[in-house]
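Structural features, examined
Listed below are the residues making up each chain.
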Amino acid sequence: MAQGIDRGRTGLPGGKPKYSIFSLARNAASYHQDWQRAWRAPEPKKEYDAIIIGGGGHGLATAYYLASVHGMTNIAVVEKGWLGGGNTGRNTTIIRSNYMWDESAAIYDHALKLWEGLTQDLNFNLMFSQRGVLTIAHSWGELREMSRRVHAIRLNGIDSDVLTPEEIKEKVPLINIDQSIRYPVMGGFLQKRGGTARHDAVAWGYARAADDLGVDIIQNCEVTGMIRNGGAIAGVETTRGTIKAKKVGVVVAGHCSVLGEMADIRLPIASRPLQALVSEPIKPELDTVIMSNAVHMYISQSDKGEMVLGAGVDKYNSYAQRGSFPVPEHMIAAAVELFPILSRLRMLRHWGGIVDTCPDASPIISKTDVKGLYFNCGWGTGGFKATPGSGHVFADLIANDRPNNIAAPYALDRFQTGLLIDEHGAAGVAH
Ligand SMILES: Cc1cc2nc3c(=O)[nH]c(=O)nc-3n(C[C@H](O)[C@H](O)[C@H](O)COP(=O)(O)OP(=O)(O)OC[C@H]3O[C@@H](n4cnc5c(N)ncnc54)[C@H](O)[C@@H]3O)c2cc1C
């Protein structure tokens, strides 16, 4: 477990009964009728010290760390739908920290260190599995670029190993390394500490632990406007009435431009559909996550046995939470060449989410010109992996009204200074 990170008051300090093998056995005896609600359903108060807009993983993590690390417990998370109903519950759950630039290494590895121990911190089984993430290359050019990236990643103290096609075949027997296919496997690099987690559990775990510390989690409550007092934020208008607060954090992923507009802030964000699908479940066959940036395909096997496949981003802006057919069609055609057994599987579900993409493929964690109003967005196709780190540094920004060293490079002013963090190469899906 990571040293030197203030992980907060861990293990449900507020008084909720702990989840354990003993509580499971006790509740089995009463036919599971006596479980306590995981979180309350409070009416919104008239005023809070801080409001977090967006009940996805990032918003709930922010609220949890505000309460557990910074002692701010008079706060609310306001969610227009249900917890995790946005991208948190729609993603393919890949976690890794093998990004190229120092700024990215700092935030994504901060997150990975928090993941390693989060189940214990939250007393909630997140099914965090460090099964390794293997990124494959399909051309000499890609392979050379990959080697350069591996050196940069290692210089930041992050694990990364180059694998030959034969080593890949040994690790992933299902893969086809025949060099005559359209996307031949020329090599790859592996982050052994990478892996997956159960996405819903992340939202539920943070929600339960935040509620335990007194955070009000208010679902079915859409923010429809921002209230300003001169140059400062004073609260929000919602479908359940006006709620006042001198600090408001906006963490709404694909809808951040909509919320920005409410505060007269124009964000450099394009919101686009990203699609994924799962097959019918089969017996355990794949114990590593495989990514191909050239194909825009990533695949893993869920604990239920489904093959989870992610596709590339659609090239048009949308809020419709669905994408076009050619994108998954292209991905499946290449995936079947790489993993021939996929041709025998039936597709079970297919869905889309709206991701918030920044011009430099890096997020925004920032104060704004409106005092007390903060934005955390732009995580695009890859923000699930950052959930704990993002919440941790965003809570710090909101509590102290200044970014810490990890968050500082992600301020909005980088689009004026030109100090961009170009991570297009490391984003699993180009955008
Ligand atoms: C198909 C797909 C696959 C992906 N795969 C991966 C992956 O493998 N690994 C990875 O790291 N990332 C992945 N991502 C990206 C990842 O899912 C997101 O970056 C991350 O989940 C964003 O979390 P969030 O909490 O910011 O957003 P969300 O979970 O979307 O939460 C934002 C919440 O804000 C709410 N909201 C919006 N407007 C309002 C309003 N006006 N008032 C109140 N509430 C509002 C929404 O209802 C939503 O619940 C994927 C995304 C998709 C769509």
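Residues numbered from 1 in each chain as written. Predicted model: local features only at pLDDT ≥ 70, side-chain atom pairs only at ≥ 80, totals over all residues.

Here we look at unusual backbone geometry
Phi at Met 127 takes a positive value of approximately 55 degrees, unusual for a residue other than glycine. Positionally, Met 127 belongs in the loop between α4 (118–122) and β4 (133–137). The exposure class assigned to Met 127 is partly exposed, which follows from the 17 C-beta atoms found within 10 Å. Notably, His 296 is not glycine yet its phi reads approximately 65 degrees, a positive angle. Residue position: His 296 is located in the loop between β14 (289–292) and β15 (297–301). (Helix = DSSP H or I, 4+ residues; strand = E, 2+ residues; numbered from the N terminus. Buried ≥ 20, exposed ≤ 12 C-beta atoms within 10 Å, placed from the backbone.)

What to know about the site of the ligand
Taken together, 39 residues sit near the ligand, with Gly 56, Gly 86, Asn 91, Gly 353 and Gly 383 positioned nearest. Secondary-structure elements contributing two or more residues to the shell around the ligand are α2 (57–68), β13 (270–281) and β17 (347–357). (Near = placed C-beta within 6 Å.)

Things to note about the domain arrangement of the protein chain
Domain boundaries assigned for the protein chain yield domain 1 (36–125 + 198–268 + 360–417) and domain 2 (133–195 + 270–357). Inter-centroid distance (C-alpha atoms) of domain 1 to domain 2 is 28 Å. Broken down by secondary-structure element, the contributors of at least two residues to the side of domain 1 that touches domain 2 are β3 (94–95), α3 (102–115) and α8 (256–262). Residues belonging to the side of domain 1 that touches domain 2 are distributed by class as follows: nine nonpolar, 11 polar and four charged. (Domains from an automatic or database assignment. Nonpolar A, V, L, I, M, F, W, Y, C, P; charged D, E, K, R; others polar.)

Things to note about the environment of Ala 76
Looking at the element boundaries, Ala 76 is found in strand β2 (residues 75–78). Judged by C-beta crowding, with 24 C-beta atoms within 10 Å, Ala 76 ranks as buried. Placed 141 residues apart in sequence, Ala 76 and Ile 217 show a C-alpha to C-alpha distance of 5.7 Å. Sequence-distant contacts of Ala 76, defined by excluding residues within four places in its chain, comprise Pro 44, Tyr 48, Ile 51, Val 215, Asp 216, Ile 218 and Ile 243. (Contact = placed C-beta atoms within 7 Å.)

Observations regarding the packing of α2 against helix α10 (residues 387–400)
At a closest axis distance of 7 Å, the pairing of α2 and α10 adopts a crossing angle of 50 degrees. In terms of their interaxial angle, α2 and α10 are classed as oblique. For the pair α2 and α10, the sense of crossing is right-handed. Packed against α2, whose contacting residues are Gly 57, His 58, Ala 61, Thr 62, Tyr 64, Tyr 65 and Leu 66, the element α10 presents Thr 387, Pro 388, Ser 390, Gly 391, His 392, Phe 394, Ala 395, Ile 398 and Ala 399 at the interface. The class makeup of the residues in the contact of α2 with α10 is nine nonpolar, seven polar and no charged. (Axes fitted to C-alpha atoms, helices over the stretch in contact; angles between N-to-C directions. Parallel < 35°, antiparallel > 145°, perpendicular 65-115°, else oblique. Left-handed = near helix turned anticlockwise from the far one by under 90°.)

A closer look at α3
For α3, which comprises 14 residues, the first-to-last C-alpha distance of 20 Å matches the rise-based estimate of 20 Å (1.5 Å per residue) to within 8%. Burial within α3 is extensive, with 13 of its 14 residues counted as buried. Following α3 by one or two positions, Gly 117 has its phi on the positive side, about 130 degrees. (Expected span 1.5 Å × (residues − 1).)

Description of the environment of Gln 179
With respect to the helices, strands and loops of the structure, Gln 179 is situated in the loop between α6 (165–171) and β6 (187–191). Separated by 41 residues in sequence, Gln 179 and His 138 place their C-alpha atoms 9.4 Å apart.

With respect to the sheet that holds strand β10 (residues 232–238)
Strand order across the open sheet formed by three strands is β9-β10-β11, with antiparallel pairing between neighbours. Whereas interior strands pair on both sides, the edge strands pair on one side only; in this sheet they are β9 (223–229) and β11 (241–244). Strand after strand, the sheet turns through a mean of 25 degrees between neighbouring axes, direction not considered. Where β9 and β10 come together, six bridges link them in antiparallel fashion. Each residue of the ladder has a partner; that of Arg 228, found in β10, is Ile 233. (Pairing = 2+ DSSP bridges.)

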